[in-house]
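Overview (structure and organization)
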Amino acid sequence: MLTRAAGMAAAFVAGLALVVAAVLVVRHLTEPSEPELPVVPDTRRPVLEAAVRGACSPLSVPLLAAQIDAESGWRPDADSGHAQGISQFSPVTWKEWGKDGNGDGKADVWEPRDAIPSQARYMCHLYDVVKAVPGSGTRLGSTRLALAAYNAGPNAVLRARGIPKILETQEYVDKILTDLLPKYEESEERYQRSEAKHRRTDRASAAPSAPSAPSSPSPSTDPSATVSGVSPSATRQP
């Protein structure tokens, strides 16, 4: 009888465990999770941040990242047939705006450390070019026009007095500003929060702990005590 009761209890516990596990699985599947977001590749972040620091104020890490994503998907070997590299410069534009960014003495469109800073400088130039175009009075408006100029060429934007009626250019601008930029902005916020947390943790672990006050030694009755009366085994708390 006892064995049968023990078996029933074991079966009940096992069944209860299965129910609890099922509930946890359902909760995990139904709870909202953070969406997958595009991120700046670790290998590209240093040059991207440096390019933005040395560029004009409208540029930001998320904006430049979203533009690179739209241009090449972060592939340094991207080649559309008329534009090349991670930033997709045409040969004519690269000849004028491509600069040596990694210090090896040559401007290489296939080298991200050359292309990304050149992209940032060219974008700043385009912001200046579109200042005379209607709609450039706001940050968003000037960014739309600068992106359109990057894709279609500044002369096309100047002639159209706005975004040209070129489907590729219109889709390019909308993809960056409507789809990619908000995702990269959220991704960058997460990255910066994570970095700030790591910095706080590092500072806390690196901060020296305050030493506690030494305890007052009591005279020892040990005949091996030193002249000062402190026992050789007395220690100071760190």
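Computed from a predicted structure; not experimentally measured.

1. Side note on helix 6 (residues 139-152)
Over its 14 residues, helix 6 runs 20 Å from end to end, which matches the ideal 20 Å to within 8%, given 1.5 Å per residue. Taken together, the buried positions of helix 6 are Gly141, Ser142, Thr143, Leu145, Ala146, Leu147, Ala148, Ala149 and Tyr150. Buried positions along helix 6 lie against helix 3 (61-72), helix 5 (112-129), helix 7 (154-160) and helix 8 (167-206).

2. Considerations on the nonpolar core
Residues Leu48, Leu59, Leu64, Trp74, Ile116, Met123 and Ile176 are the most contacted members of the largest nonpolar core, which totals 43 residues. Within the residue set of this core, elements represented by two or more residues are helix 2 (45-53), helix 3, helix 4 (91-97), helix 5, helix 6 and helix 8. With eight residues, the single largest contributor to this core is helix 5. Ignoring sequence-local partners within four residues, the contact set of leucine 64 consists of Leu48, Ala51, Val52, Leu59, Ile116, Gln119 and Ala120.

3. Observations regarding a positive patch on the surface
The grouping of Lys197, Arg199, Arg200 and Arg203 at the surface amounts to a positive patch. Within the secondary structure, arginine 203 sits in helix 8. On the accessibility criterion, arginine 203 (53% relative accessible area) is exposed.

About the thresholds
Residues numbered from 1 in each chain as written. Predicted model: local features only at pLDDT ≥ 70, side-chain atom pairs only at ≥ 80, totals over all residues. Heavy atoms only, no water. Helix = DSSP H or I, 4+ residues; strand = E, 2+ residues; numbered from the N terminus. Expected span 1.5 Å × (residues − 1). Buried < 20%, exposed > 50% of the residue type's maximum accessible area, 1.4 Å probe, protein only. Contact = heavy atoms within 4.5 Å. Core = buried A, V, L, I, M, F, W, Y, C linked by side-chain atoms within 4.5 Å. Patch = residues over 30% accessible without salt bridge, like charges linked within 9 Å, V, L, I, M, F, W, Y side chains within 5 Å. Areas by Shrake-Rupley, 256 points an atom, 1.4 Å probe, with all protein chains shown as cover. Salt bridge = Lys/Arg side-chain N within 4 Å of Asp/Glu carboxyl O. Lys, Arg positive; Asp, Glu negative; His and termini not counted. Charge placed at Lys NZ, Arg CZ, Asp CG, Glu CD.

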